[in-house]
Amino acid sequence: MSHARLDPHHAVADIDRRLFGGFVEHLGRHIYDGIFEPGHPTADADGFRADVIELVRELGVSTIRYPGGNFVSGYRWEDGVGPVAERPRRLDLAWHSTETNEVGLHEFQSWLDKVGSELMLAVNLGTRGTQEALDLLEYANSDAQTAWTAQRADNGRPQPFGVSMWCLGNEMDGPWQIGHKNAHDYGTLASQTAKAMRMLDPGIELVVCGSSGRGMPTFGSWERTVLEHTLDDVDFISCHSYYQERGGDAQEFLASGVDMARFIESVVAIADTVAATAKSSKRIMISFDEWNVWYLHDDDGGQNDKPAEAGWPVAPRLLEDRYHALDAVVFGDLLITLLQHADRVRSASLAQLVNVIAPIMTEPGGIAWKQTTFFPFSITSRLAHGRAVRVPVDAGTFASAAFGEVAAVNAVATIDDDGVSLFVVNRSTTEATDLRVDLAPLVAARGTGVRLVESHLLHDDDLYAANTLDQPGRVGVRPVPGARVEGDVLVLPLPAVSWAAVRLA
Ligand code: AHR
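All of the points below concern the structure found in this document. Worth saying up front: this structure is predicted, and the values here are computed from it rather than measured. (Residues numbered from 1 in each chain as written. Predicted model: local features only at pLDDT ≥ 70, side-chain atom pairs only at ≥ 80, totals over all residues. Heavy atoms only, no water.)

What about the site of the ligand?
Working step 1: The immediate surroundings of the ligand are formed by Phe23, Glu25, Gly69, Asn70, Trp95, Asn170, Glu171, Tyr242, Glu290, Trp294, Gln352 and Ile357.
Working step 2: Glu25 places a polar side-chain atom, nitrogen or oxygen, 2.6 Å from an oxygen atom of the ligand.
Working step 3: A distance of 2.7 Å separates an oxygen atom of the ligand from a polar atom in the side chain of Tyr242.
Working step 4: Taken atom by atom, the bulk of the ligand overlaps the largest pocket.
Working step 5: Here the shell around the ligand is built from residues that sort into five nonpolar, four polar and three charged. (Near = heavy atom within 4 Å. Polar contact = N/O pair within 3.5 Å; in protein donor to acceptor, adjacent residues only side chain to side chain. 1 Å grid on protein atoms, 1.4 Å probe; cavity = no way out; pocket = protein on both sides within 12 Å on 5 of 7 lines; lining within 4 Å. Sits in = over half its atoms within 2 Å of the grid points. Nonpolar A, V, L, I, M, F, W, Y, C, P; charged D, E, K, R; others polar.)

Now the structure itself:
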């Protein structure tokens with residue numbers, strides 16, 4: 001048995017809806033054969049798959065970062081606007097593919113209108129610089145009469161796109177990045193670009209690149225140097241992190257949330273140190289704009305990110321990870337971790353959405369289906385509103401090689417005007433537990449009793465069960481067996497390796 005306490009006075013912060021963002025990159029079959037397949041039986045007049053649109057809507061994605069990723073560091077955004085027949089085919093060096101440019105800014109915005117999500121744009125600071133970023137910003141956001149805005153109108157969009165969040169490049173600390181820079185050079189370019197972009201549109205919010213992982217050799221010093229250059233110019237610094245089970249050690253993999261928490265807390269500490277040193281009260285927020293489970297490395301340490309085909313294929317099958325039940329439990333814990341840090345993580349993007357390390361998969365001409373990770377995301381996005389509230393848990397621990405003693409149960413709650421949601425993970429691979437959540441402080445604060453409205457359990461006796469083309473409904477969620485409210489106590493029986501969400505009214 002384990003115990004927790006839900007006290008509404010222990011609020012972390014109001015949740016920014018942008019915490020439930022996604023990421024769409026021109027990569028593999030994400031755009032082509034993913035969201036865009038004109039020949040598909042469900043394709044609409046614009047060539048977008050209606051079955052995918054429906055699933056993305058159900059997933060509940062607030063903001064979508066576009067068009068990359070590594071792709072953006074070699075991208076010429078002008079290639080993706082204007083008459084489609086005249087758009088150039090280009091080599092995409094990041095993913096060793098051919099980009100046809102059939103989908104660009106206008107098409108993507110019209111897809112976003114259909115899925116009900118907001119655009120977040122990244123500019124290319126790899127092969128390009130301040131001027132091209134300004135050109136794109138003017139094209140997208142200006143309402144002045146200029147050559148760029150006239151071109152936008154000719155291309156079917158007289159009104160500005162009105163993009164509010166902009167990423168100043170992508171993973172510029174990574175040696176794999178086209179135009180990779182050291183922290184000083186990147187910080188200088190990012191500051192100069194940010195200042196110029198704000199001269200054009202003072203209302204935008206800017207994200208400077210942090211480290212592409214906590215394990216990067218430059219982690220820490222990168223953030224410090226970059227923020228020393230850009231503290232006054234930007235609103236966010238990015239974090240990127242991907243997790244995978246290594247060497248068949250499920251228990252260690254289940255500690256991934258601890259790594260994410262330490263990453264966030266370290267970046268906050270560095271950002272606040274830079275601000276304090278500059279005698280500034282500015283609080284830089286975190287845009288965790290790439291996070292997920294990703295089996296990037298094979299067992300021999302090699303990387304699974306190159307097309308199998310020779311040459312420069314169009315939309316090859318790349319990064320098409322199949323997620324199993326265990327992955328989804330870790331994934332649910334990562335969402336809990338983001339909510340626990342909602343005071344400083346004000347934006348996050350699940351990387352990615354369709355076919356490429358994605359919660360949604362498609363078959364050309366065939367079905368679209370939900371991977372296991374779809375469920376924790378859609379349920380958390382739907383139920384987590386209002387304020388995030390800390391939920392201290394008194395449970396057992398397990399030993400992690402990387403993190404020492406790790407709490408076996410992790411939880412967070414959210415409170416809104418209509419009720420309370422609780423998100424819980426049992427990270428133990430061996431121990432089931434009956435979690436007893438003391439609701440007395442909540443009942444006292446609200447002056448009324450609580451009742452259980454809905455509950456969802458993600459657990460499979462086979463940790464490696466997955467949804468596939470042949471068995472798209474193999475893993476799902478069901479009500480938590482035995483979940484109940486007894487007086488002022490919520491009782492939640494949690495099997496080993498499980499994620500659960502509960503809604504109380
Ligand atoms: O999401 C896949 C890739 O991971 C992105 O293109 C890059 O930014 C990161 O390394």
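Observations regarding the sheet that holds strand E9 (residues 205–208)
Working step 1: Spatially, E3-E4-E7-E8-E9-E10-E11-E12 is the arrangement adopted by the eight strands of the closed barrel, whose pairing is parallel. Along the sheet, successive strands turn relative to each other by an average axial angle of 30 degrees, direction set aside.
Working step 2: Pairing geometry for strand E11 (residues 285–293) and strand E12 (residues 345–351), over four bridges, is parallel. Bridge pairing links Ile286 to Val345 in E12.
Working step 3: Along the sheet, helix H3 (residues 130–141) contacts strand E7 (118–123) and strand E8 (165–168); its crossing angle with E8, the most-contacted strand, is approximately 170 degrees.
Working step 4: Running over the sheet, helix H8 (residues 256–277) touches strand E10 (236–243), E11 and E12 and is turned about 160 degrees from E10. (Pairing = 2+ DSSP bridges. Helix = DSSP H or I, 4+ residues; strand = E, 2+ residues; numbered from the N terminus. Axes fitted to C-alpha atoms, helices over the stretch in contact; angles between N-to-C directions. Contact = heavy atoms within 4.5 Å.)

Some points on the packing of helix H6 (residues 221–230) against H8
Working step 1: Following both chains from N to C, one finds H6 and H8 inclined at 40 degrees, their axes separated by 9 Å at the closest point. For H6 against H8, the interelement crossing comes out right-handed. Seen from H6, the contacting residues are Glu223, Arg224, Leu227 and Glu228; seen from H8, they are Val267, Ile270, Ala271 and Val274.
Working step 2: Taken together, the residues that form the contact of H6 with H8 break down as five nonpolar, no polar and three charged. (Left-handed = near helix turned anticlockwise from the far one by under 90°.)

Some words on the sheet that holds strand E19 (residues 409–415)
Working step 1: Taken in spatial order, the six strands of this open sheet run E2-E15-E19-E20-E25-E22, and their pairing is antiparallel. Strand pairing shows two members of the sheet lacking a second neighbour, strand E2 (11–14) and strand E22 (452–458), which therefore form its edges. Strand after strand, the sheet turns through a mean of 15 degrees between neighbouring axes, direction not considered.
Working step 2: Its contacts with the sheet place helix H9 (residues 325–340) against E2, strand E15 (387–390), E19, strand E20 (420–426), E22 and strand E25 (498–504), and it is angled at close to 50 degrees to E19.
Working step 3: Against the sheet, helix H10 (residues 374–383) contacts E19, E20, E22 and E25, and its axis sits at roughly 160 degrees relative to E22.

Some words on the pattern of salt bridges
Working step 1: A complete count under the given rule lists 30 salt bridges for this structure.
Working step 2: One salt bridge in this structure joins Lys370 and Glu58, with 2.8 Å as the shortest N-O distance. Of the two residues, Lys370 sits in strand E14 (residues 368–370) while Glu58 sits in helix H1 (residues 50–59), which places them 312 residues apart along the sequence.
Working step 3: Between Arg128 and Glu132 there is a salt bridge, with its nearest N and O atoms 4.0 Å apart.
Working step 4: Judged by relative accessible area, Glu132 falls into the partly exposed class, the value being 25%. (Salt bridge = Lys/Arg side-chain N within 4 Å of Asp/Glu carboxyl O. Buried < 20%, exposed > 50% of the residue type's maximum accessible area, 1.4 Å probe, protein only.)

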